[in-house]
Amino acid sequence: MAGPGSEQPDAGTSGKGLPSAQRVGVCIAGTGVALPERKVTNDDLAQRVDTSDAWITKRTGIKTRYYIDGDSTVRDLARDALLAALTDAQVEASELDLVILATITPEMACPSTAARVAAEVGANPAGAFDLAAACSGFVYGLNLASSLIESGRYRNIAVIGAETLSNHVNHDDRRTCILFGDAAGAAIVSRSDDPTHGVLHQAMHSAGQLWDALFLPRDLSQLPADLDPNVTTEPGWNGQLDTLQMHGQEVFKFAVIQTCDMIQEALDATGLQPEDLALVIPHQSNQRIMATARDRFGLPKDKLYINIDRFGNTSAASVPLCLHECRRDGRIKAGDLVLFLAIGGGMTWSTSLWRV
Ligand code: UT7
């Protein structure tokens with residue numbers, strides 16, 4: 001893969017940028033991940049709720065996921081993933097212009113978790129903010145980072161996806177608790193000397209009218225007006241505040257349609273054919289959703305990456321977890337076309353098509 005640009009910055013975060021005629025190349029210079037130590041199997045979950053390894057495997061593809069323990073927080077995961085990515089990229093923390101942390105499980109509303117992560121790795125005075133686009137957050141972040149670097153005003157941007165959803169699911173609700181896990185993944189997005197590298201197509205979308213298909217209410221006043229808070233057997237409300245509420249089937253149908261539409265949109269926008277894509281890296285929501293998209297576009301199994309069996313749905317962390325494994329295992333080569341895509345609460349959805 002192309003390395004970060006080697007010449008001295010001609011434009012920092014407050015600089016003038018490059019002449020407009022000169023296209024700025026963008027590369028993914030390094031990646032890193034962090035996982036909690038505690039692995040939770042389907043059989044572990046079946047000790048608490050009425051479910052089974054067979055049901056979870058067949059309906060979702062998930063076998064294990066990781067849960068954070070004790071005093072650790074999303075900040076610890078995000079910091080460790082970022083440090084690993086900086087090492088991989090051979091970029092110093094002090095060279096970062098910006099830290100974008102995609103998460104729906106920040107430590108607090110203020111300060112952003114990103115600001116504290118930036119400080120802990122020594123990235124001050126880099127800009128830092130949390131990005132709330134649920135499972136789409138990391139792909140939103142890739143699009144923002146690449147566009148900022150293309151502008152010529154920024155050189156190195158960290159994009160992190162980190163979640164601790166095990167703290168925000170009702171562990172007695174079998175409809176949701178089986179799906180989610182904790183993790184963090186990070187990418188260093190940098191200016192490249194090669195102007196042919198970077199994003200060929202990107203899209204970010206939302207449909208806020210569908211907000212109650214997947215939401216995390218803090219108090220009862222935030223429930224949909226037509227919902228009776230005493231009825232917890234229907235999809236969309238499990239009776240516990242500060243936990244994810246989900247209409248599983250609605251989200252499933254939406255995700256199948258949007259995943260296919262997003263791939264088609266990226267192909268149409270670039271004039272590419274499915275076989276031109278070296279790799280599709282989708283958000284890991286449900287193996288059946290991903291398999292449907294793979295079949296629709298006739299993609300061979302190894303061209304659409306799946307690791308949900310080991311990590312479950314880690315929301316904003318799932319795409320960078322996949323990206324890191326693909327780089328580590330040599331599945332991505334310089335010049336490859338790689339399509340990232342994700343769908344999440346909001347509803348939100350996003351694509352980012354790269355020549356890496
Ligand atoms: O990251 C984006 C956010 N999330 C998603 O993308 C998730 C999208 N949705 C899904 O992945 C699926 O809808 C689920 C995996 C959540 C559920 O699978 P499903 O095939 O849609 O199941 P269902 O909700 O239609 O339920 C089928 C049956 C029901 O029983 P009855 O009414 O047929 O007797 C459920 O009560 O399965 C039952 N069920 C379970 N049984 C065993 C629901 N959850 C479980 C469970 N174990 N964990």
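The paragraphs below set out a description of the structure included in this document. Per-chain numbering applies: the sequence of each chain, read as written, is numbered from 1 onward. For a predicted model such as this one, the threshold for reporting local features is a pLDDT of at least 70, and the threshold for listing and counting side-chain atom pairs is 80 or more; totals across whole chains, interfaces and linings nevertheless cover every residue. Working from all heavy atoms in the structure, the side-chain values ignore hydrogens and water.

Quick notes on the pattern of salt bridges
Part 1 of the argument: Within this document, salt bridges are pairs made up of a side-chain nitrogen of Lys or Arg and a carboxyl oxygen of Asp or Glu, the two lying within 4 Å of each other. Overall, the coordinates contain 14 salt bridges when judged by the stated rule.
Part 2 of the argument: Between R175 and D173 there is a salt bridge whose closest N-O contact spans 2.9 Å.
Part 3 of the argument: As a salt-bridge pair, R310 and E325 come within 2.8 Å of each other at their nearest N and O atoms. One end of the pair, R310, is in helix α9 (residues 308-311); the other, E325, is in helix α10 (residues 318-328), and 15 residues separate them in sequence.
Part 4 of the argument: Exposure classes here rest on a 1.4 Å probe applied to the protein chains alone. A residue is buried below 20% of its type maximum, exposed above 50%, and partly exposed in between. By relative accessible area, which is 5% here, E325 ends up buried.
Part 5 of the argument: Connected via shared salt-bridge partners are R75, D76, R79, D80, E107, R116 and E120. Under the scheme used here, helices are H or I runs from DSSP no shorter than 4 residues and strands are E runs no shorter than 2 residues, and both carry numbers assigned from the N terminus.

Section: the pairing of strand β4 (residues 98-102)
Part 1 of the argument: Most of β4 is tucked away: five of the five residues are buried.
Part 2 of the argument: Side-chain alternation along β4 places L98, I100 and A102 on one buried face and V99 and L101 on a second face that is also buried.
Part 3 of the argument: Every crossover in which the path from the first strand over the helix to the second runs clockwise, viewed with the strands pointing away from the viewer, is termed right-handed. Between β4 and its parallel partner strand β5 (residues 127-131), the chain crosses via helix α4 (residues 113-121), and the hand of that crossover is right-handed.
Part 4 of the argument: Taken together, the five bridges between β4 and strand β6 (residues 156-164) define a ladder with parallel strand orientation. Each residue of the ladder has a partner; that of L98, found in β6, is I157. Any two strands between which DSSP finds at least two bridges are classified as paired.

Re the site of the ligand
Part 1 of the argument: The rule for a residue being near a molecule or strand is that one of its heavy atoms must lie within 4 Å of it. For the ligand, the set of nearby residues contains 23 residues, the closest of which are T51, R59, Q249, N286 and N313.
Part 2 of the argument: The definition of a polar contact used here is a pair of N or O atoms within 3.5 Å, where within protein one atom must be able to donate a hydrogen and the other to accept one, and adjacent residues in sequence count solely through side-chain atom pairs. Take T51: an N or O atom from its side chain is 2.7 Å from a nitrogen atom of the ligand.
Part 3 of the argument: With respect to the ligand, the side chain of H283 contributes an N or O atom lying 2.8 Å from an oxygen atom.
Part 4 of the argument: Relative to its free-state accessible area of 950 Å², the ligand is covered by the protein chains to the extent of 74%.
Part 5 of the argument: Here the shell around the ligand takes four residues from helix α7 (residues 248-270), the largest share from any one element.
Part 6 of the argument: Each residue gets one label: Ala, Val, Leu, Ile, Met, Phe, Trp, Tyr, Cys and Pro are nonpolar, Asp, Glu, Lys and Arg are charged, and the others, such as Gly, are polar. Considering only residue class, the shell around the ligand consists of 10 nonpolar, eight polar and five charged. Every accessible area reported is derived by Shrake-Rupley at a probe size of 1.4 Å, with residue values counting cover from the shown protein chains alone.

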